[in-house]
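Commentary on secondary and tertiary structure
Chain residues, written in single-letter form:
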Amino acid sequence: MYLGSVRFYKHLIYLVLLALIFLIGLGLYKLCSSITMANHDLKYALAQNAVGTEEAGKIEPIESEGMEGQVDDSMSISDILESDYSPLITYQSLYPDLYTELPLLKEREGKIAYLTFDDGPSARTLEILDILKEENVKATFFVVTENSDLELLERIQREGHTIGVHSNSHRYLQIYSSVDDFLDDFYQAYTKIYDATSVYPQIFRFPGGSINAHNLGIYQELVSEMLRRGFLYYDWNISSQDAVSKVSAGEIINNVTRNIRGQKQLVILLHDSRDKTETVKALPGIIKFLKEENYTLAPIDNSVKPIIFSYK
Ligand code: ZN
């Protein structure tokens, strides 16, 4: 009788053992293939990360059929740039040293005013610096580096003011024609400021302010690219309107004082250029008023919460 015989139980044990070996083999195969997949995904993520497609601290792989197959051991950044996906990442790979560390923004106690001077250095810079020194006040200079006396930057730096990038050329049509063109101009200003002061600037102000008629088409890309690189930009909430032609020192002071309206943080727009003699004349009056109103006057650094324009 086969069923129940010793031979039957022997065969049953063989069958169970064979089934176990098969199941273990299947398990090992699945484990190996998942490790290979994870490794593959990691390489893909690293490749993406290396060219900087991080958004909000999260790696977002480009979801597209066929891309998977292109990422393998031999995939380099230049391969990715030459692929069909290059329009997404070309400018992100430009100027790999154009990055700055972004600290946490600090809450400031009390009322604080930031005097900001655009477009310098100029024939007025020394006069402005002398007034600031006399009043023991620190300010922020958003400078233009083409055709200007960059030796003046050293004194601005030495006397405790902040130097931020405004532009190299300040030519709207050129710098706002593409993100690449903006970065190209910015990088020139950035390196020239470093060469003159041995300090890399960490903040900037867009020529014309962050929202202007020239950058409409690239505004979103431009702002996110500069923030991705760690650079904060500062617009203003008080304009002295000293760029208006034939404005007097009295009107400049009045433009500042009447628009304060109890705001706790003021970023005041002024200009440092050859023809801005009225701005220089107005400066002591502006400082006097701010001190009387109990504002602390300070230079901007990148821990200051920016005042930025926004589309309604
Ligand atoms: Zn300007």
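Above this note sits the structure.
Remember, predicted model here, so these are calculated numbers, not experimental data.

Bringing the side chain of Ser 169 into the picture now. Residue position: Ser 169 is located in the loop between strand 5 (162-167) and helix 7 (172-175). Ser 169 sits in the buried class, given a relative accessible area of 10%. Separated by 3.1 Å, the side chain of Ser 169 and the backbone nitrogen of Arg 171 make a polar contact. Those residues in contact with Ser 169 that lie beyond four places of it in its chain are Glu 146, Gln 174, Ile 175 and Asp 185.

Coordination of the zinc ion by the protein is provided by Asp 119 (OD), His 166 (NE2) and His 170 (NE2), with metal-donor distances spanning 2.1 to 2.2 Å. The sequence pattern formed by the donor residues of the zinc ion is D-x46-H-x3-H. Here the residue Asp 119 occupies a position in the loop between strand 3 (112-118) and helix 5 (125-134), and His 166 occupies one in strand 5, the gap between them amounting to 47 residues. Under the relative-accessibility criterion, Asp 119 is labelled partly exposed at 25%. Looking at His 166, the relative accessible area reads 3%, which means it is buried.

Turning our eyes to something else, we now look at the packing of helix 5 against helix 6 (residues 151-158). Interaxial distance between helix 5 and helix 6 falls to 11 Å at its minimum, and their mutual angle equals 10 degrees. As the angle between them shows, helix 5 and helix 6 are arranged roughly parallel. From helix 5, Thr 125, Leu 126, Leu 129, Asp 130 and Lys 133 reach across to helix 6, where they touch Leu 152, Arg 155 and Ile 156. When the residues that make up the contact of helix 5 with helix 6 are grouped by side-chain class, the tally is four nonpolar, one polar and three charged.

All right, on to the nonpolar core then. Counting residues in each nonpolar core, the largest one holds 54 residues, and the members touching the most others are Leu 115, Leu 132 and Leu 290. The dominant element in this core, judged by the number of residues it contributes, is helix 8 (residues 179-197), at eight residues. Those residues in contact with Leu 115, other than ones at most four positions away along the chain, are Leu 132, Val 137, Ala 139, Thr 140, Ile 268, Leu 270, Leu 283, Ile 286, Ile 287, Leu 290 and Leu 297. If you look at the next biggest cluster of nonpolar residues, it comprises 13 residues, including Tyr 114, Trp 236, Ala 298 and Ile 307.

To continue, consider the pairing of strand 4 (residues 140-144). Regular strands place side chains that alternate from one sheet face to the opposite one. Of all five residues in strand 4, five are buried; the element is thus mostly enclosed. Alternating residues of strand 4 divide into Thr 140, Phe 142 and Val 144 and Phe 141 and Val 143, and every residue in both groups is buried. Two elements, strand 3 and strand 4, share three bridges in a ladder whose sense is parallel. Each residue of the ladder has a partner; that of Asp 118, found in strand 4, is Phe 142. In terms of handedness, the path from strand 3 via helix 5 over to strand 4 forms a crossover that is right-handed. Where strand 4 meets strand 5, five bridges bridge the pair, whose relative direction is parallel.

Along the chain, the position of Ile 300 falls in the segment after strand 10 (296-297). Residue class for Ile 300 comes out buried when judged on its relative accessible area of 0%. For Ile 300 and Tyr 234, which are 66 residues apart along the polypeptide, the C-alpha to C-alpha distance reads 9.0 Å. Among residues more than four places away in sequence, those in contact with Ile 300 are Tyr 114, Thr 116, Thr 140, Thr 162, Ile 203, Tyr 234 and Val 267.

Turning to the packing of aromatic side chains, a few remarks are in order. By the definition in use, this model includes 19 aromatic pairs. The interplanar angle of 20 degrees and the centroid separation of 4.3 Å between the aromatic rings of Tyr 95 and Tyr 187 together place this pair among those described as stacked. Of this pair, Tyr 95 sits in the loop between helix 4 (86-89) and strand 3 while Tyr 187 is found in helix 8, placing the two residues 92 residues apart along the sequence. Centroid distance Phe 206 to Tyr 233: 5.0 Å. Interplanar angle 65 degrees. Geometry classified as edge-to-face. Within this pair, whereas Phe 206 is found in the loop between strand 6 (203-204) and helix 9 (219-228), its partner Tyr 233 is found in strand 7 (residues 232-233), the two being separated by 27 residues in sequence. Classification of Phe 206 as buried rests on a relative accessible area of 1%. When the ring centre of Tyr 99 is taken as origin, the NZ or CZ atom of Arg 229, which lies over that ring, is 5.3 Å away.

Turning next to the packing of helix 6 against helix 8. It is the contact of helix 6 with helix 8, at a shortest axis distance of 8 Å, that shows an interaxial angle of 70 degrees. The angle between helix 6 and helix 8 falls in the class roughly perpendicular. Packed against helix 6, whose contacting residues are Leu 153, Glu 154 and Gln 157, the element helix 8 presents Ile 193, Ala 196 and Thr 197 at the interface. Each residue belonging to the contact of helix 6 with helix 8 can be placed in one class, and the counts come to three nonpolar, two polar and one charged.

The subject of this paragraph is the pattern of salt bridges. The final tally for this structure, using the stated rule, is 14 salt bridges. In this structure, the salt-bridge partner of Glu 127 is Arg 124, at a minimum N-O distance of 2.9 Å. You can call Glu 127 partly exposed: its relative accessible area is 33%. Judged by its relative accessible area of 14%, Arg 124 is buried. For Lys 133, the salt bridge is made with Glu 159, and the minimal N-O distance between the two is 3.5 Å.

Reading the values: rules and limits
- Residues numbered from 1 in each chain as written.
- Predicted model: local features only at pLDDT ≥ 70, side-chain atom pairs only at ≥ 80, totals over all residues.
- Heavy atoms only, no water.
- Helix = DSSP H or I, 4+ residues; strand = E, 2+ residues; numbered from the N terminus.
- Buried < 20%, exposed > 50% of the residue type's maximum accessible area, 1.4 Å probe, protein only.
- Polar contact = N/O pair within 3.5 Å; in protein donor to acceptor, adjacent residues only side chain to side chain.
- Contact = heavy atoms within 4.5 Å.
- Donors = N, O, S within 2.8 Å, 3.2 Å for Na, K, Ca; no water.
- Axes fitted to C-alpha atoms, helices over the stretch in contact; angles between N-to-C directions.
- Parallel < 35°, antiparallel > 145°, perpendicular 65-115°, else oblique.
- Nonpolar A, V, L, I, M, F, W, Y, C, P; charged D, E, K, R; others polar.
- Core = buried A, V, L, I, M, F, W, Y, C linked by side-chain atoms within 4.5 Å.
- Pairing = 2+ DSSP bridges.
- Right-handed = clockwise from strand over helix to strand, strands pointing away.
- Phe/Tyr/Trp six-rings, centres within 6.5 Å; stacked < 30°, edge-to-face > 60°.
- Lys NZ or Arg CZ within 6 Å of the ring centre and 35° of its normal.
- Salt bridge = Lys/Arg side-chain N within 4 Å of Asp/Glu carboxyl O.

That is the geometry; function is a separate question.
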